[in-house]
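Residues per chain are reported as follows:
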Amino acid sequence: MTFVQIIDCRTSRIDEMNRLMDRWVEQTKGKRTATHDLIGKDRSDASHFVEIVEFPSYEEAMENSKLPETDRIFQEMLALCDEAPTFTDLDVVRDEQLNTATARRFFEALGGNGELPPLGDLFAEHYHDHDPANEQDTVGLDNIRREMETWRGAFDFGFTIADQIAQGDRVCTRWLWNGTHNGDFLGIPATGTRCSMTGTTIFRFGEHGKIVEGWWEYDRLGLMDQLGALEDLEQ
């Protein structure tokens, strides 16, 4: 279970505090157990700061606290604070990346049965798609829907999500695609072949939590080989 510690403090010396944290990061390389550190400033009180430190577990947080470097830095931090900071220890009971959930919904919709949904709740109208298999980028929701329909007309397929990583306004998804070739694909008549490929997609999110840009990397060459499209080249 993820564990976070919230440190609430007041200081007029935030630049020195930041330099102090930089020193702690440098001195604890290969030792610390903290995985994420976030500091926020109160918009209504410029001297009020809240630091949120994330750990894989409470036990690992305690290991981090016992480091001599942590104790030294903490003592210096106290000297920079206008008053003694307060600490709140929290076991995380829900952790939901909303953009990650939206990306997952897209892969479920793309590989689902029946008619392709409108996708207006997932993509911005000006969505910009980067696919190295295409000579030009695909721009606009209507255009990307047509490209998706090409794939859906050629294969019955679905995605298995292997990993998802979110940072800022981007979500990276590593996926496995499995499909049956039951329609024309790039001039290749239906073969009935069961095929698979792996790939990675990065989505950038914009206003209202909609996807505004995407980058794709996938084993298109391996797919064409499974469909027998490379046999003439190999001879």
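Residues numbered from 1 in each chain as written. Predicted model: local features only at pLDDT ≥ 70, side-chain atom pairs only at ≥ 80, totals over all residues. Heavy atoms only, no water.

Caption draft 1: Quick look at the pattern of salt bridges. Evaluated as defined, the whole model comprises 11 salt bridges. Here Glu-69 ties to Lys-31 by a salt bridge, and the two come within 2.6 Å at their closest N and O atoms. Taken together, the positions of Glu-69 in helix α3 (residues 68-80) and Lys-31 in the loop between α1 (14-27) and β2 (36-41) put the pair 38 residues apart, joining distant regions of the chain. Judged by relative accessible area, Lys-31 falls into the partly exposed class, the value being 43%. Among the ionic pairs, Arg-174 bridges to Asp-163, the shortest N-O distance being 2.4 Å. Of this pair, Arg-174 sits in strand β8 (residues 170-181) while Asp-163 sits in strand β7 (residues 155-167); the two residues are 11 residues apart in sequence, bridging distant segments of the chain. (Salt bridge = Lys/Arg side-chain N within 4 Å of Asp/Glu carboxyl O. Helix = DSSP H or I, 4+ residues; strand = E, 2+ residues; numbered from the N terminus. Buried < 20%, exposed > 50% of the residue type's maximum accessible area, 1.4 Å probe, protein only.)

Caption draft 2: Seen up close, the layout of surface pockets. In this structure, the largest pocket spans a volume of roughly 350 Å³. Around the largest pocket, the lining comprises 17 residues; the ones closest to its centre are Gln-5, Ile-7, Asn-64, Thr-70 and Phe-74. Contributions of two or more residues to the lining of the largest pocket are made by β1 (3-10), α1, β3 (48-55), α2 (58-65) and α3. Split by residue class, the lining of the largest pocket holds 11 nonpolar, four polar and two charged. Empty space within the second largest pocket amounts to approximately 200 Å³. What lines the second largest pocket is Thr-2, Val-4, His-36, Glu-54, Val-92, Asp-95, Gln-97 and Ala-166. (1 Å grid on protein atoms, 1.4 Å probe; cavity = no way out; pocket = protein on both sides within 12 Å on 5 of 7 lines; lining within 4 Å. Points joined across faces, edges and corners; volume = space filled by probe spheres on them. Nonpolar A, V, L, I, M, F, W, Y, C, P; charged D, E, K, R; others polar.)

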